[in-house]
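Residue-level structural notes
Listed here are the chains, written in short residue letters.
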Amino acid sequence: MDIKYSKDGITVAAILDVRRPKQDGLCPVRIRVTYRRDRQYYPTGKDLTPEDWERLATVRTHELKAIRESVVNSFDIVRKNVEALATDGAFSFDALNNRLKRGNADTINTAFRAKIADLRADLRIGSATIYDNVLKGIERFAGEYIGFDRISIDWIRKYEKFLRKEGKTQTTIAIHLRHLRAILNDAKRAGIIKEAQYPFGRGRYEIQAGEGRKMALTLEQIGRIARYEDGSQATAKYRDYWLFLYLCNGINVADFIKLKYRDIVNGEICYVRQKTEHTTKTRKEIRVVVTEPMQAIIDRWGNNPAPYNFIFPVLTGKEDAVTTRNKTKHLTRAINKRMAAVGQALGIDHISTYTARHSFATVLKRSGANIAYISESLGHSDLKTTENYLASFEREERQKNADLLTKF
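The paragraphs below set out a description of the structure included in this document.

Scoring rules and cut-offs
- Residues numbered from 1 in each chain as written.
- Predicted model: local features only at pLDDT ≥ 70, side-chain atom pairs only at ≥ 80, totals over all residues.
- Heavy atoms only, no water.
- Helix = DSSP H or I, 4+ residues; strand = E, 2+ residues; numbered from the N terminus.
- Buried < 20%, exposed > 50% of the residue type's maximum accessible area, 1.4 Å probe, protein only.
- Contact = heavy atoms within 4.5 Å.
- Areas by Shrake-Rupley, 256 points an atom, 1.4 Å probe, with all protein chains shown as cover.
- Core = buried A, V, L, I, M, F, W, Y, C linked by side-chain atoms within 4.5 Å.
- Axes fitted to C-alpha atoms, helices over the stretch in contact; angles between N-to-C directions.
- Parallel < 35°, antiparallel > 145°, perpendicular 65-115°, else oblique.
- Nonpolar A, V, L, I, M, F, W, Y, C, P; charged D, E, K, R; others polar.
- Pairing = 2+ DSSP bridges.
- Expected span 1.5 Å × (residues − 1).
- Polar contact = N/O pair within 3.5 Å; in protein donor to acceptor, adjacent residues only side chain to side chain.
- Phe/Tyr/Trp six-rings, centres within 6.5 Å; stacked < 30°, edge-to-face > 60°.
- Lys NZ or Arg CZ within 6 Å of the ring centre and 35° of its normal.

Okay, the overall build of the chain next. When you go through the chain residue by residue, the secondary structure sums to 16 helices and 7 strands. Of all 408 residues assigned to the chain, the portion counted as buried reaches 43%. Look at the contacts in the chain between residues 6 or more apart in sequence, and 58% of them connect residues 24 or more apart. Here the chain displays about 22700 Å² of accessible surface, and carbon together with sulfur accounts for 48% of that area.

Set out below in C-alpha coordinates:
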(Lines give C-alpha, C1' and ligand atoms only; values in the text may rest on other atoms or scores of the structure.)
Protein backbone atom coordinates (compact mmCIF):
# COMPACT_ATOMS: atom_id res chain seq x y z
CA MET A 1 0.00 0.00 0.00
CA ASP A 2 1.60 3.25 -1.17
CA ILE A 3 0.40 6.42 0.61
CA LYS A 4 2.87 9.30 0.52
CA TYR A 5 3.00 13.08 0.67
CA SER A 6 5.94 15.49 0.26
CA LYS A 7 6.31 19.22 0.78
CA ASP A 8 9.36 21.40 1.32
CA GLY A 9 11.64 18.46 2.06
CA ILE A 10 9.16 16.80 4.44
CA THR A 11 7.85 13.33 3.56
CA VAL A 12 4.85 11.64 5.14
CA ALA A 13 4.21 7.95 4.45
CA ALA A 14 2.05 5.14 5.80
CA ILE A 15 4.35 2.18 6.44
CA LEU A 16 4.33 -1.26 8.01
CA ASP A 17 6.95 -1.13 10.77
CA VAL A 18 8.64 -4.54 10.52
CA ARG A 19 11.54 -3.64 12.84
CA ARG A 20 10.00 -5.31 15.91
CA PRO A 21 7.24 -7.78 14.99
CA LYS A 22 4.93 -8.88 17.80
CA GLN A 23 4.82 -12.45 19.07
CA ASP A 24 1.80 -13.24 16.88
CA GLY A 25 3.69 -12.10 13.75
CA LEU A 26 1.74 -8.86 13.36
CA CYS A 27 3.55 -5.56 12.78
CA PRO A 28 2.21 -2.09 13.64
CA VAL A 29 1.08 0.24 10.87
CA ARG A 30 2.57 3.67 11.50
CA ILE A 31 2.72 7.08 9.85
CA ARG A 32 6.38 7.95 9.24
CA VAL A 33 7.47 11.58 8.90
CA THR A 34 10.95 12.27 7.49
CA TYR A 35 12.66 15.66 7.67
CA ARG A 36 16.37 16.40 7.25
CA ARG A 37 17.26 12.72 7.65
CA ASP A 38 15.39 12.51 10.92
CA ARG A 39 12.36 10.24 11.24
CA GLN A 40 9.51 10.00 13.69
CA TYR A 41 6.68 7.48 13.77
CA TYR A 42 3.03 8.00 14.74
CA PRO A 43 0.60 5.19 15.66
CA THR A 44 -2.53 4.24 13.74
CA GLY A 45 -3.70 1.60 16.20
CA LYS A 46 -3.63 -1.08 13.49
CA ASP A 47 -1.48 -4.23 13.17
CA LEU A 48 -1.07 -6.38 10.06
CA THR A 49 1.00 -9.20 8.69
CA PRO A 50 3.38 -8.24 5.83
CA GLU A 51 1.16 -10.28 3.49
CA ASP A 52 -2.01 -8.37 4.44
CA TRP A 53 -0.13 -5.08 4.14
CA GLU A 54 0.73 -5.95 0.52
CA ARG A 55 -2.90 -6.89 -0.14
CA LEU A 56 -4.38 -3.84 1.61
CA ALA A 57 -4.69 -1.65 -1.48
CA THR A 58 -6.41 -4.23 -3.68
CA VAL A 59 -8.32 -6.73 -1.52
CA ARG A 60 -11.89 -5.65 -0.82
CA THR A 61 -12.88 -7.73 2.20
CA HIS A 62 -14.91 -5.80 4.75
CA GLU A 63 -12.19 -6.12 7.42
CA LEU A 64 -9.29 -4.93 5.24
CA LYS A 65 -11.41 -2.14 3.77
CA ALA A 66 -12.14 -0.84 7.28
CA ILE A 67 -8.44 -1.04 8.19
CA ARG A 68 -7.47 0.78 4.98
CA GLU A 69 -9.94 3.59 5.71
CA SER A 70 -8.60 3.91 9.26
CA VAL A 71 -4.97 4.05 8.08
CA VAL A 72 -5.82 6.66 5.44
CA ASN A 73 -7.62 8.68 8.12
CA SER A 74 -4.56 8.61 10.41
CA PHE A 75 -2.32 9.52 7.47
CA ASP A 76 -4.55 12.47 6.51
CA ILE A 77 -4.46 13.85 10.04
CA VAL A 78 -0.66 13.83 10.16
CA ARG A 79 -0.44 15.13 6.59
CA LYS A 80 -2.79 18.06 7.28
CA ASN A 81 -0.75 19.14 10.27
CA VAL A 82 2.54 18.79 8.37
CA GLU A 83 1.09 20.78 5.46
CA ALA A 84 -0.16 23.56 7.74
CA LEU A 85 3.22 23.90 9.46
CA ALA A 86 5.16 23.73 6.20
CA THR A 87 2.95 26.40 4.60
CA ASP A 88 3.72 28.72 7.51
CA GLY A 89 7.43 27.89 7.29
CA ALA A 90 7.28 26.70 10.88
CA PHE A 91 7.76 22.95 10.59
CA SER A 92 9.67 21.09 13.30
CA PHE A 93 9.00 17.78 14.98
CA ASP A 94 8.34 19.61 18.25
CA ALA A 95 5.73 21.78 16.55
CA LEU A 96 4.13 18.76 14.88
CA ASN A 97 4.08 16.75 18.11
CA ASN A 98 2.51 19.66 19.99
CA ARG A 99 -0.25 20.00 17.41
CA LEU A 100 -1.00 16.28 17.48
CA LYS A 101 -0.77 16.10 21.28
CA ARG A 102 -3.35 18.87 21.64
CA GLY A 103 -5.74 16.55 19.86
CA ASN A 104 -5.70 18.61 16.68
CA ALA A 105 -7.62 15.91 14.82
CA ASP A 106 -10.99 15.58 13.22
CA THR A 107 -12.03 12.30 14.82
CA ILE A 108 -12.71 11.03 18.29
CA ASN A 109 -10.82 7.84 17.38
CA THR A 110 -7.55 9.63 16.72
CA ALA A 111 -7.88 11.75 19.84
CA PHE A 112 -8.34 8.57 21.90
CA ARG A 113 -5.28 6.95 20.30
CA ALA A 114 -3.17 10.04 20.97
CA LYS A 115 -4.31 9.98 24.61
CA ILE A 116 -3.48 6.27 24.90
CA ALA A 117 -0.02 6.84 23.40
CA ASP A 118 0.65 9.67 25.88
CA LEU A 119 -0.44 7.56 28.84
CA ARG A 120 1.75 4.66 27.77
CA ALA A 121 4.70 7.01 27.32
CA ASP A 122 4.10 8.20 30.91
CA LEU A 123 4.01 4.52 32.01
CA ARG A 124 0.38 4.91 33.12
CA ILE A 125 -0.53 1.50 31.77
CA GLY A 126 -3.75 1.07 33.77
CA SER A 127 -5.23 4.35 32.53
CA ALA A 128 -4.13 3.58 28.96
CA THR A 129 -5.89 0.21 29.16
CA ILE A 130 -9.15 1.83 30.29
CA TYR A 131 -9.05 4.40 27.46
CA ASP A 132 -8.32 1.59 25.00
CA ASN A 133 -11.34 -0.41 26.23
CA VAL A 134 -13.57 2.67 25.99
CA LEU A 135 -12.36 3.35 22.43
CA LYS A 136 -13.19 -0.23 21.44
CA GLY A 137 -16.70 0.21 22.81
CA ILE A 138 -17.17 3.48 20.92
CA GLU A 139 -15.92 1.90 17.69
CA ARG A 140 -18.27 -1.07 18.13
CA PHE A 141 -21.09 1.44 18.34
CA ALA A 142 -20.16 4.01 15.70
CA GLY A 143 -17.21 2.80 13.64
CA GLU A 144 -13.60 3.89 13.18
CA TYR A 145 -14.14 7.39 11.79
CA ILE A 146 -16.23 9.44 14.22
CA GLY A 147 -16.06 13.17 13.68
CA PHE A 148 -16.26 15.46 16.70
CA ASP A 149 -19.29 17.10 15.12
CA ARG A 150 -21.24 13.84 15.47
CA ILE A 151 -21.03 13.79 19.28
CA SER A 152 -24.30 15.27 20.48
CA ILE A 153 -26.59 14.72 23.47
CA ASP A 154 -28.73 12.40 21.34
CA TRP A 155 -25.64 10.47 20.16
CA ILE A 156 -24.51 9.92 23.77
CA ARG A 157 -27.97 8.72 24.80
CA LYS A 158 -27.94 6.18 21.98
CA TYR A 159 -24.42 5.10 22.96
CA GLU A 160 -25.60 4.63 26.56
CA LYS A 161 -28.47 2.40 25.33
CA PHE A 162 -25.99 0.45 23.18
CA LEU A 163 -23.75 -0.25 26.19
CA ARG A 164 -26.74 -1.28 28.26
CA LYS A 165 -27.81 -3.75 25.56
CA GLU A 166 -24.28 -5.20 25.71
CA GLY A 167 -24.95 -5.98 29.36
CA LYS A 168 -22.85 -3.20 30.88
CA THR A 169 -23.73 -2.06 34.40
CA GLN A 170 -24.44 1.59 35.19
CA THR A 171 -21.04 1.80 36.88
CA THR A 172 -19.28 0.62 33.70
CA ILE A 173 -21.40 2.92 31.51
CA ALA A 174 -20.41 5.85 33.73
CA ILE A 175 -16.73 4.94 33.32
CA HIS A 176 -17.10 4.89 29.51
CA LEU A 177 -18.88 8.25 29.45
CA ARG A 178 -16.44 9.94 31.86
CA HIS A 179 -13.51 8.98 29.62
CA LEU A 180 -15.35 10.20 26.54
CA ARG A 181 -16.03 13.46 28.40
CA ALA A 182 -12.32 13.79 29.21
CA ILE A 183 -11.47 13.53 25.50
CA LEU A 184 -14.06 16.18 24.67
CA ASN A 185 -12.70 18.41 27.45
CA ASP A 186 -9.25 18.21 25.81
CA ALA A 187 -10.82 19.00 22.43
CA LYS A 188 -12.65 22.00 23.88
CA ARG A 189 -9.45 23.36 25.44
CA ALA A 190 -7.66 22.90 22.10
CA GLY A 191 -10.41 24.81 20.27
CA ILE A 192 -11.48 21.79 18.21
CA ILE A 193 -15.04 22.07 19.48
CA LYS A 194 -16.85 25.14 20.75
CA GLU A 195 -18.73 25.45 24.02
CA ALA A 196 -22.04 25.29 22.14
CA GLN A 197 -21.06 21.87 20.75
CA TYR A 198 -20.07 20.45 24.14
CA PRO A 199 -22.77 17.92 25.15
CA PHE A 200 -22.01 17.36 28.86
CA GLY A 201 -23.08 19.36 31.90
CA ARG A 202 -26.10 20.79 33.64
CA GLY A 203 -29.03 21.13 31.25
CA ARG A 204 -27.26 18.89 28.73
CA TYR A 205 -26.22 15.28 29.28
CA GLU A 206 -25.39 14.47 32.89
CA ILE A 207 -23.57 11.22 33.68
CA GLN A 208 -25.38 9.10 36.25
CA ALA A 209 -23.10 7.36 38.73
CA GLY A 210 -23.54 3.65 39.30
CA GLU A 211 -25.21 2.60 42.52
CA GLY A 212 -22.53 1.56 44.98
CA ARG A 213 -22.39 -2.10 45.91
CA LYS A 214 -22.89 -2.99 49.57
CA MET A 215 -19.40 -4.35 50.26
CA ALA A 216 -18.52 -3.21 53.78
CA LEU A 217 -18.03 -5.69 56.63
CA THR A 218 -18.75 -5.17 60.31
CA LEU A 219 -16.03 -5.01 62.96
CA GLU A 220 -17.24 -8.37 64.28
CA GLN A 221 -16.79 -9.96 60.84
CA ILE A 222 -13.34 -8.39 60.41
CA GLY A 223 -12.34 -9.74 63.82
CA ARG A 224 -13.37 -13.25 62.79
CA ILE A 225 -11.30 -12.92 59.60
CA ALA A 226 -8.27 -11.72 61.58
CA ARG A 227 -8.48 -14.77 63.87
CA TYR A 228 -9.16 -17.31 61.12
CA GLU A 229 -6.67 -20.17 60.71
CA ASP A 230 -6.81 -23.27 58.54
CA GLY A 231 -3.20 -24.38 58.95
CA SER A 232 -2.18 -23.11 55.50
CA GLN A 233 0.71 -20.63 55.21
CA ALA A 234 -0.80 -19.23 52.00
CA THR A 235 -4.08 -18.53 53.77
CA ALA A 236 -2.25 -16.83 56.63
CA LYS A 237 -0.24 -14.65 54.23
CA TYR A 238 -3.11 -13.51 52.05
CA ARG A 239 -5.36 -13.00 55.09
CA ASP A 240 -2.66 -10.77 56.58
CA TYR A 241 -2.20 -8.91 53.29
CA TRP A 242 -5.95 -8.28 53.22
CA LEU A 243 -5.91 -7.04 56.82
CA PHE A 244 -3.00 -4.74 56.00
CA LEU A 245 -4.99 -3.23 53.10
CA TYR A 246 -7.86 -2.61 55.53
CA LEU A 247 -5.70 -1.17 58.31
CA CYS A 248 -3.62 0.98 55.93
CA ASN A 249 -6.56 3.28 55.12
CA GLY A 250 -7.97 0.82 52.60
CA ILE A 251 -4.84 1.10 50.43
CA ASN A 252 -5.09 -0.24 46.86
CA VAL A 253 -2.95 -3.23 45.88
CA ALA A 254 -1.15 -1.08 43.27
CA ASP A 255 0.08 1.21 46.07
CA PHE A 256 0.56 -1.59 48.63
CA ILE A 257 3.18 -3.40 46.54
CA LYS A 258 5.17 -0.18 46.03
CA LEU A 259 5.52 0.70 49.72
CA LYS A 260 9.15 0.94 50.85
CA TYR A 261 10.64 1.14 54.32
CA ARG A 262 11.71 4.71 53.61
CA ASP A 263 7.97 5.54 53.40
CA ILE A 264 7.70 4.89 57.16
CA VAL A 265 8.45 8.23 58.84
CA ASN A 266 8.03 8.76 62.59
CA GLY A 267 5.86 5.68 62.89
CA GLU A 268 3.61 6.60 59.95
CA ILE A 269 3.42 5.25 56.41
CA CYS A 270 3.38 8.15 53.96
CA TYR A 271 2.36 7.58 50.34
CA VAL A 272 0.56 9.17 47.38
CA ARG A 273 -2.13 7.18 45.59
CA GLN A 274 -0.98 6.08 42.16
CA LYS A 275 -4.54 6.52 40.87
CA THR A 276 -4.65 10.27 41.65
CA GLU A 277 -0.97 11.20 41.36
CA HIS A 278 -1.44 12.54 37.81
CA THR A 279 -5.04 13.73 38.07
CA THR A 280 -5.09 16.14 41.00
CA LYS A 281 -3.69 19.66 41.08
CA THR A 282 -2.03 19.21 44.45
CA ARG A 283 -0.05 16.22 45.69
CA LYS A 284 -2.24 14.54 48.33
CA GLU A 285 -0.07 12.54 50.70
CA ILE A 286 -1.83 9.92 52.81
CA ARG A 287 -0.49 9.22 56.30
CA VAL A 288 -1.23 6.04 58.22
CA VAL A 289 -0.12 5.30 61.77
CA VAL A 290 1.65 1.93 61.88
CA THR A 291 -0.36 0.08 64.54
CA GLU A 292 0.82 -3.04 66.35
CA PRO A 293 -1.21 -5.39 64.10
CA MET A 294 0.29 -3.71 60.99
CA GLN A 295 3.82 -3.99 62.40
CA ALA A 296 3.22 -7.65 63.21
CA ILE A 297 2.23 -8.28 59.57
CA ILE A 298 5.36 -6.46 58.36
CA ASP A 299 7.55 -8.48 60.74
CA ARG A 300 5.92 -11.72 59.62
CA TRP A 301 5.97 -11.28 55.84
CA GLY A 302 8.15 -8.26 55.06
CA ASN A 303 11.55 -7.91 53.44
CA ASN A 304 14.73 -7.00 55.29
CA PRO A 305 14.03 -3.49 56.70
CA ALA A 306 16.48 -1.44 54.62
CA PRO A 307 15.30 2.06 53.54
CA TYR A 308 15.11 1.36 49.80
CA ASN A 309 13.70 -2.15 50.09
CA PHE A 310 10.05 -2.75 49.33
CA ILE A 311 8.20 -3.60 52.54
CA PHE A 312 6.56 -6.68 51.01
CA PRO A 313 8.27 -9.12 48.61
CA VAL A 314 6.17 -8.61 45.50
CA LEU A 315 8.30 -6.29 43.33
CA THR A 316 12.07 -6.37 42.84
CA GLY A 317 12.41 -2.85 41.44
CA LYS A 318 13.52 -4.11 38.02
CA GLU A 319 10.00 -4.38 36.56
CA ASP A 320 8.75 -2.17 33.74
CA ALA A 321 5.29 -0.60 33.91
CA VAL A 322 3.55 -3.49 32.16
CA THR A 323 5.16 -6.13 34.39
CA THR A 324 4.30 -4.10 37.50
CA ARG A 325 0.67 -3.92 36.43
CA ASN A 326 0.61 -7.66 35.72
CA LYS A 327 2.05 -8.41 39.18
CA THR A 328 -0.57 -6.12 40.72
CA LYS A 329 -3.37 -7.99 38.95
CA HIS A 330 -1.88 -11.37 39.86
CA LEU A 331 -1.63 -10.50 43.57
CA THR A 332 -5.14 -9.02 43.58
CA ARG A 333 -6.53 -12.23 42.09
CA ALA A 334 -4.54 -14.35 44.58
CA ILE A 335 -5.82 -12.38 47.58
CA ASN A 336 -9.41 -12.38 46.30
CA LYS A 337 -9.38 -16.12 45.60
CA ARG A 338 -7.99 -17.00 49.03
CA MET A 339 -10.28 -14.55 50.85
CA ALA A 340 -13.33 -15.92 49.02
CA ALA A 341 -12.45 -19.33 50.51
CA VAL A 342 -12.04 -17.75 53.94
CA GLY A 343 -15.42 -16.06 53.54
CA GLN A 344 -17.04 -19.33 52.57
CA ALA A 345 -15.62 -21.02 55.68
CA LEU A 346 -16.84 -18.17 57.90
CA GLY A 347 -20.17 -17.61 56.18
CA ILE A 348 -19.19 -14.10 55.07
CA ASP A 349 -19.97 -13.13 51.47
CA HIS A 350 -17.90 -11.00 49.12
CA ILE A 351 -14.53 -10.59 50.82
CA SER A 352 -12.15 -8.93 48.35
CA THR A 353 -9.50 -6.22 48.18
CA TYR A 354 -12.31 -3.79 47.37
CA THR A 355 -14.14 -4.92 50.51
CA ALA A 356 -11.08 -4.01 52.59
CA ARG A 357 -11.14 -0.44 51.29
CA HIS A 358 -14.90 -0.06 51.58
CA SER A 359 -14.90 -1.54 55.08
CA PHE A 360 -12.21 0.90 56.24
CA ALA A 361 -14.41 3.85 55.24
CA THR A 362 -17.65 2.42 56.56
CA VAL A 363 -16.27 1.26 59.93
CA LEU A 364 -15.00 4.80 60.53
CA LYS A 365 -18.38 6.23 59.53
CA ARG A 366 -20.21 3.85 61.86
CA SER A 367 -17.86 4.94 64.64
CA GLY A 368 -18.81 8.59 64.13
CA ALA A 369 -15.75 9.80 62.20
CA ASN A 370 -16.10 13.04 60.23
CA ILE A 371 -16.63 12.45 56.50
CA ALA A 372 -13.91 15.00 55.67
CA TYR A 373 -11.42 12.93 57.69
CA ILE A 374 -12.53 9.74 55.94
CA SER A 375 -12.18 11.44 52.56
CA GLU A 376 -8.67 12.63 53.38
CA SER A 377 -7.69 9.20 54.67
CA LEU A 378 -8.86 7.53 51.46
CA GLY A 379 -7.05 10.08 49.30
CA HIS A 380 -10.24 11.17 47.54
CA SER A 381 -10.12 14.44 45.61
CA ASP A 382 -13.58 15.53 46.79
CA LEU A 383 -16.24 14.68 49.34
CA LYS A 384 -18.72 13.53 46.67
CA THR A 385 -16.53 10.54 45.86
CA THR A 386 -16.45 9.60 49.55
CA GLU A 387 -20.21 10.03 49.85
CA ASN A 388 -20.67 7.56 46.97
CA TYR A 389 -18.40 5.15 48.83
CA LEU A 390 -20.58 5.41 51.90
CA ALA A 391 -23.91 5.18 50.08
CA SER A 392 -24.61 1.63 51.25
CA PHE A 393 -24.04 2.64 54.87
CA GLU A 394 -26.50 5.51 54.53
CA ARG A 395 -29.03 3.05 53.08
CA GLU A 396 -28.52 0.78 56.10
CA GLU A 397 -29.13 3.69 58.45
CA ARG A 398 -32.35 4.69 56.68
CA GLN A 399 -33.61 1.10 56.85
CA LYS A 400 -32.77 0.82 60.55
CA ASN A 401 -34.50 4.11 61.34
CA ALA A 402 -37.56 3.16 59.24
CA ASP A 403 -37.85 -0.10 61.17
CA LEU A 404 -37.92 1.85 64.44
CA LEU A 405 -41.16 3.49 63.35
CA THR A 406 -43.04 0.20 63.48
CA LYS A 407 -41.72 -1.10 66.81
CA PHE A 408 -45.00 -0.30 68.62
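Attention shifts here to the nonpolar core. Counting 47 residues, the largest nonpolar core has Trp242, Phe244, Phe256, Ile269, Phe312 and Leu331 as its most contacted members. No other element matches helix α9 (residues 233-247), which puts 8 residues into this core. Ignoring anything within four residues of it in the chain, the contact list for leucine 331 reads Tyr238, Tyr241, Val253, Phe256, Ile257 and Val314. Counting residues in hydrophobic clusters, the runner-up holds 30 residues, among them Ile3, Ile77, Phe91 and Phe93.

Remark: helix α5 (residues 125-142) packs on helix α6 (residues 153-165), axes separated minimally by 10 Å, with the N-to-C direction vectors making an angle of 105°. Looking at the two axes, α5 sits roughly perpendicular to α6. Taking contact as the criterion, the partners of Val134, Gly137, Ile138, Arg140, Phe141 and Ala142 in α5 are, on α6, Trp155, Lys158, Tyr159 and Phe162. Residue composition of the contact of α5 with α6, by class: 7 nonpolar, 1 polar and 2 charged.

By the element assignment, leucine 217 lies in the loop between α7 (170-189) and α8 (219-227). Judged by its relative accessible area of 3%, leucine 217 falls in the buried class.

Turning to the pairing of strand β4 (residues 38-48), a few remarks are in order. The pairing of strand β3 (residues 27-35) with β4 spans 9 bridges and is classified as antiparallel. Within β4, the position partnered with cysteine 27 by the bridge is leucine 48. Here β3 folds back onto β4, and the loop between the two strands holds 2 residues, one of which, arginine 36, carries a positive phi near 55°.

Under the 1.5 Å per step criterion, the end-to-end length of helix α13 (residues 353-366) is 20 Å for 14 residues, consistent within 8% with the ideal 20 Å. Most of α13 sits inside the fold, with 10 of its 14 residues counted as buried. Among the residues of α13, those classed as buried are Thr353, Thr355, Ala356, Arg357, His358, Ser359, Phe360, Ala361, Thr362 and Val363. Put simply, serine 352 is the residue that caps the front of α13, since its side-chain oxygen is 3.3 Å from the backbone nitrogen of tyrosine 354. Where α13 terminates, the next one or two residues include glycine 368, which has phi positive at roughly 95°.

This part is about the sheet that holds strand β7 (residues 285-289). Overall, antiparallel pairing links the 3 strands, which are arranged β5-β6-β7 in an open sheet. The sheet terminates laterally at β5 (264-265) and β7, the two strands that pair on one side only. Taken together, the 2 bridges between β5 and strand β6 (residues 268-272) define a ladder with antiparallel strand orientation. Within β6, the residue paired with isoleucine 264 across the bridge is isoleucine 269.

Despite not being glycine, arginine 36 shows a phi value in the positive range, around 55°. Checked against the element boundaries, arginine 36 lands in the loop between β3 and β4. A relative accessible area of 70% places arginine 36 in the exposed class. The backbone of histidine 350 shows a phi angle near 60°, a positive value even though the residue is not glycine.

Let us now look at the packing of aromatic side chains. For the structure shown, the criterion picks out 17 aromatic pairs. Aromatic side chains tyrosine 159 and phenylalanine 162 sit 6.5 Å apart centroid to centroid with 20° between the ring planes, which places their arrangement in the stacked category. Of this pair, tyrosine 159 and phenylalanine 162 both sit in helix α6, separated by 3 residues, roughly a single helical turn. Between tryptophan 242 and tyrosine 246 the ring centres are 6.3 Å apart and the planes differ by 10°, which places this aromatic pair in the stacked class. In this pair, tryptophan 242 and tyrosine 246 are both assigned in helix α9, 4 residues apart and thus about one turn of the helix distant. Overall, tyrosine 246 belongs to the buried group, its relative accessible area being 10%. Members of the aromatic cluster, joined through ring pairs, are Tyr238, Tyr241, Phe244, Phe256 and Phe312. A cation over an aromatic ring shows up here: arginine 19 above the ring of tyrosine 41, its NZ or CZ 4.3 Å from the ring centre. Above the face of the phenylalanine 310 ring, lysine 260 is positioned so that its terminal group lies 4.9 Å from the ring centre.

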